[in-house]
Amino acid sequence: MNLAEQLLHALAREGAGEIFGIPGDFALPFFKVIEESGILPLRTLSHEPGVGFAADAAVRYRGGLGVAAVTYGAGAFNIVNPVAGAYAEKSPVVVISGAPGRRESASGLRLHHQTRTLGSQFTVFREITCDQARLDDAQSAPADIARVLASCKRESRPVYLELPRDMVDVPCEAVPPLAVVPDDQEVLAACVDETLERLRAARSPVMMVGVEVRRFGLEKAVGELARRLGIPLVTSMMGRGLLVDTSTPPLGTYLGLAGDPGLSDKVERSDGLFLLGVILSDTNFGVSARAIDFRRAVLAADGEVTMGYHTYSGVRLGAFVAALLERVAGAVDAGSAPVAALASGNAPDPQPDAQPNAPAAFPRGLVADDTALTPGAIAMAINDLMARHGKFPLACDIGDCLFTAFDIDHTVLVAPGYYATMGFGVPAGLGLQEASGRRPIIMVGDGAFQMTGWELGNCMRYGWDPIVVVFNNRSWEMLRTFQPESKFNDLDDWHFADAARALGGTGVRVHTQRELVDALEVAAVQRGRFVLIEVMLERGALSPTLARFVSAVRRLTQPPA
Ligand code: S1T
Ligand code: MG
């Protein structure tokens, strides 16, 4: 077999489900092998940002590996933003870029697509990936690929492979199984001991789950752990949508001053915050009413566990959760009370919120009348739709559509909640449908749709048929909330619904609650092509969560009177 085929087999073996990509002359030989070998299905899109977002969303949903294949220079530099976002949000995407071959690289000529030097691209990707390799030697290529894919899965971060076009067809050995770094059982035991001790000492422990719990496929295990520990479970902003299908649905999402006051208070006053796979970011903790003392927390993320003033290194989240479950499972199987009792040796008073998490109720029952639409109404209408037709997975862009998602019932959600790049929503929805086989609802603002919404034109050939809800306020409204005096936030009306048919879908523009309810109902029963519902919103009409978020930011950033 040749190097390209060995690479494709290794990707499929390690959990890739498809390859999103756009070829170029430096990548044509590789794309030829992808297409003709059929080892992994090829899904080409129209612009490399869409390729990156689709590959990212596919792996966020499925697990395993996401794969984005691009050409050298113009293609690869176009995908830098999605890859940077995948790095920030811990999404294991494998970027494969074509590259010039040996002879042309030594020609002494500057090559097309080349920037400063032929190695500049590799240098750029070294900054936004956790491991890299240039596959220019068939002897070392199998081991290099194994090393890089192992890093991708271990760290749940993107990696970069550069494949010169003259190496694609070179005979090559198979990629060996990925090396697994054994867990240090002593460190793990000591870490579990101290964690349980801290939970025992805490009067009001709270568990918060974040993105790594999904990235490492731990939702069921963590749900079980929360149940056995008997402590309240919430998600971080980025962790929204986690554990929806487990026996322990979260109480809700922590949003600080922008969220449910009772839940925020519980988190911020906890003397035993137990953070699993949470990114300590401004979007997750930036609008807290009071500074959270993380020294009293246990934070398990990035392959280590930090508590107090020290860190247990080399503790994989999966191993940590399994070891805790084993300890707790043993006790509970012996008929004792949850771990709080186990650790303290006596049964704790049943705390009111230690009951199984009762998820928050979500707004429903939108009245189908002539009332003008708001983001809040969109959330209600989608909740009503899901009550009638079952859950849809959600793909969200950045903008008020993301804040609206927090008023939508628990369901799978992919969104750039921390890195916060626009353009994610539509291609991510396509990646979500490709990976899940389920029809998604995509929520996207008009500004973000202007960036990557046109990828909908690729739906027909791949049979994707998302329901796309465009929040059209003819505005960069999120920016206007922070700087209302700026005229550059005014956008024109692009009439997206009219464009839908040209892209192979159907489109409808709605102004009232009745029109939205009807449009969603028609869309839900109309399969086989995407349906774009263009929701006309007044400028200044914000979702309840964004309104709280903006006033929280103002409160926290305004100089004291
Ligand atoms: N460019 C990219 C790629 N991502 C961004 N996040 C931004 C720029 C900055 C930015 C926002 S929110 C926003 C911009 C330009 C406006 C979004 O407009 P639209 O999609 O219409 O949504 P809405 O009207 O609901 O705001 C964040 C703060 O960085
Ligand atoms: Mg807008």
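In the block above lies the structure referred to throughout.
None of the values given here were measured: they were computed from a predicted structure.

(A) Molecular detail of the environment of Ala547. Mapped onto the elements, Ala547 comes out in helix H24 (residues 544–557). According to the relative accessible area criterion, Ala547 is partly exposed, its value standing at 34%. The spatial distance from the C-alpha of Ala547 to the C-alpha of Thr481 is 8.7 Å, given a sequence separation of 66 residues.

(B) Focus on the sheet that holds strand E12 (residues 310–313). Taking strand neighbours across the sheet as the criterion, the six strands line up as E8-E7-E9-E10-E11-E12 in an open arrangement whose pairing is mixed. Of all the strands in the sheet, the pair left with one neighbour each is strand E8 (233–235) and E12. In this sheet, adjacent strand axes meet at a mean angle of 15° when their direction is disregarded. With four bridges connecting them, strand E10 (residues 298–301) and strand E11 (residues 304–307) associate as antiparallel partners. Residue pairing across strands places Ala300 opposite Val305, the latter belonging to E11. Along the sheet, helix H9 (residues 185–201) makes contact with strand E7 (205–209), strand E9 (272–276), E10, E11 and E12, crossing E12 at roughly 140°.

(C) Local environment of a nonpolar patch on the surface. Residues Trp476, Leu479 and Phe488 make up a contiguous nonpolar surface patch of roughly 310 Å² in combined accessible area. Mapped onto the fold, Trp476 is located in the loop between strand E16 (467–472) and helix H21 (477–482).

(D) Structural detail: helix H16 (residues 375–389). Helix length check: H16, at 15 residues, gives a terminal C-alpha distance of 21 Å against a target of 21 Å (1.5 Å per residue), a fit within 8%. Counting buried positions along H16 gives 11 out of 15 residues, so the element sits mostly inside the fold. Check the buried side of H16 and you find it contacts helix H17 (400–405), strand E15 (441–445), E16, helix H23 (513–525), strand E18 (531–536) and H24. Following H16 by one or two positions, Gly390 adopts a phi angle in the positive range, close to 90°.

(E) Spotlight on helix H7 (residues 120–127). Among all positions of H7, only Ser120, Gln121, Phe122 and Phe125 are buried. In this structure, the buried side of H7 is in contact with helix H4 (74–78), helix H5 (80–88), strand E4 (93–99), strand E5 (132–134) and strand E6 (159–164).

(F) How the structure looks around the coordination of the magnesium ion (ligand 2). Those protein atoms acting as donors to the magnesium ion (ligand 2) are Asp446 (OD), Asn473 (OD1) and Ser475 (O), and they sit at 2.1 Å. Between consecutive donor residues of the magnesium ion (ligand 2), the sequence gaps follow D-x26-N-x1-S. Accessibility assignment for this pair places Asn473 and Ser475 in one class, buried.

(G) Broad picture of the site of ligand 1. In the neighbourhood of ligand 1, 16 residues make up the surrounding shell, with Asp400, Ala420, Asp446, Gly447 and Met478 lying closest. With respect to ligand 1, the backbone of Gly447 contributes an N or O atom lying 2.8 Å from an oxygen atom. Protein contacts shield 78% of the accessible area of ligand 1, which totals 630 Å² for the unbound molecule. When residues of the shell around ligand 1 are traced back to their parent elements, those giving at least two are helix H19 (446–452) and H21. Per-element accounting of the shell around ligand 1 gives the leading share, four residues, to H19. Residue composition of the shell around ligand 1, grouped by class: seven nonpolar, six polar and three charged.

(H) View of the nonpolar core. Phe449, Leu456 and Leu532 are the most contacted members of the largest nonpolar core, which has 47 residues in total. The element best represented in this core is helix H3 (residues 48–62), accounting for seven residues. Every residue in contact with Leu532, bar those within four places of it in the chain, is listed here: Phe449, Leu456, Val468, Val470, Phe496, Ala497, Ala500, Thr506, Gly507 and Val508. Ranked by size, the runner-up nonpolar core spans 46 residues in total, among them Ile378, Ala524, Ile533 and Phe549.

(I) Molecular detail of the packing of aromatic side chains. All told, the structure shown has 15 aromatic pairs when counted by the stated rule. Here the aromatic rings of Phe53 and Phe424 are separated by 5.6 Å at their centres, their planes lie at 70°, and the arrangement is edge-to-face. Highlighted residues: Phe53 in helix H3 and Phe424 in the loop between strand E14 (413–414) and helix H18 (425–436), separated in sequence by 371 residues. Note on Phe53: relative accessible area 2%, which makes it buried. Relative accessible area serves as the criterion here: at 1%, Phe424 is assigned to the buried category. Members of the aromatic cluster, joined through ring pairs, are Phe449, Trp454, Trp494 and Phe496. When the ring centre of Tyr87 is taken as origin, the NZ or CZ atom of Arg157, which lies over that ring, is 4.4 Å away.

(J) Fine view of the pairing of E16. Counting buried positions along E16 gives six out of six residues, so the element sits mostly inside the fold. Across the two faces of E16 the burial is the same, with Ile467, Val469 and Phe471 and Val468, Val470 and Asn472 all buried. The pairing of E15 with E16 spans five bridges and is classified as parallel. Along E16, the bridge assignment pairs Val444 with Val470.

So, how was this worked out
- Each chain has its residues counted from 1, following the order in which its sequence is written.
- As they are written, the chains are lettered A onward and the ligands numbered 1 onward, keeping that order.
- Residue-level local features of this predicted model are given only where pLDDT is at least 70; pairs of side-chain atoms are given and counted only at 80 or more, and the full residue set underlies all totals for whole chains, interfaces and linings.
- Working from all heavy atoms in the structure, the side-chain values ignore hydrogens and water.
- Elements are defined by DSSP. Helices are runs of H or I of four residues or more, strands are runs of E of two residues or more, and each kind is numbered from the N terminus.
- Type-normalised accessible area, obtained with a 1.4 Å probe on protein chains alone, sets the label of each residue: buried when under 20%, exposed when over 50%, and partly exposed for intermediate values.
- A strand pair is defined by DSSP finding two or more bridges across the two strands.
- In this analysis, axes come from line fits to C-alpha atoms, helices being fitted only over the stretch in contact, and the angle between any two N-to-C directions falls in the range 0 to 180 degrees.
- Whether two residues are in contact is decided by their heavy atoms, any of which lying within 4.5 Å being enough.
- Residues forming no salt bridge and having over 30% relative accessible area are the ones grouped into patches, like charges within 9 Å of each other and nonpolar side chains (Val, Leu, Ile, Met, Phe, Trp, Tyr) within 5 Å.
- Here the Shrake-Rupley method, with its probe set to 1.4 Å, supplies the accessible areas, and only the displayed protein chains count as covering residues.
- By definition here, a salt bridge exists when the distance from a side-chain nitrogen of Lys or Arg to a carboxyl oxygen of Asp or Glu is within 4 Å.
- In a helix, the anticipated span is given by 1.5 Å times the number of residues less one.
- Here a donor is any nitrogen, oxygen or sulfur atom (N, O, S) within 2.8 Å of the metal, with 3.2 Å used for Na, K and Ca; water is not among the atoms considered, so some sites may look incomplete.
- Any residue with at least one heavy atom within 4 Å of a molecule or strand is counted as near it.
- Pairs of N or O atoms are called polar contacts if they sit within 3.5 Å, as long as, within protein, a hydrogen donor faces a hydrogen acceptor (for residues adjacent in sequence, only side-chain-to-side-chain pairs).
- In this count, Pro and Cys sit with the nonpolar residues alongside Ala, Val, Leu, Ile, Met, Phe, Trp and Tyr, while Asp, Glu, Lys and Arg are called charged and the others, Gly among them, polar.
- For this analysis, a nonpolar core means a set of buried residues of the types Ala, Val, Leu, Ile, Met, Phe, Trp, Tyr and Cys, connected via side-chain atoms within 4.5 Å.
- The aromatic pairing rule takes the rings of Phe, Tyr and Trp, using the six-membered ring of Trp, and pairs them if the centres are within 6.5 Å, calling planes under 30 degrees apart stacked, those over 60 edge-to-face and the rest tilted.
- Charges are assigned to positions over rings by a cutoff of 6 Å between ring centre and Lys NZ or Arg CZ, combined with an angular limit of 35 degrees from the ring normal.

Remember, this is a structural readout, not a statement about activity or role.
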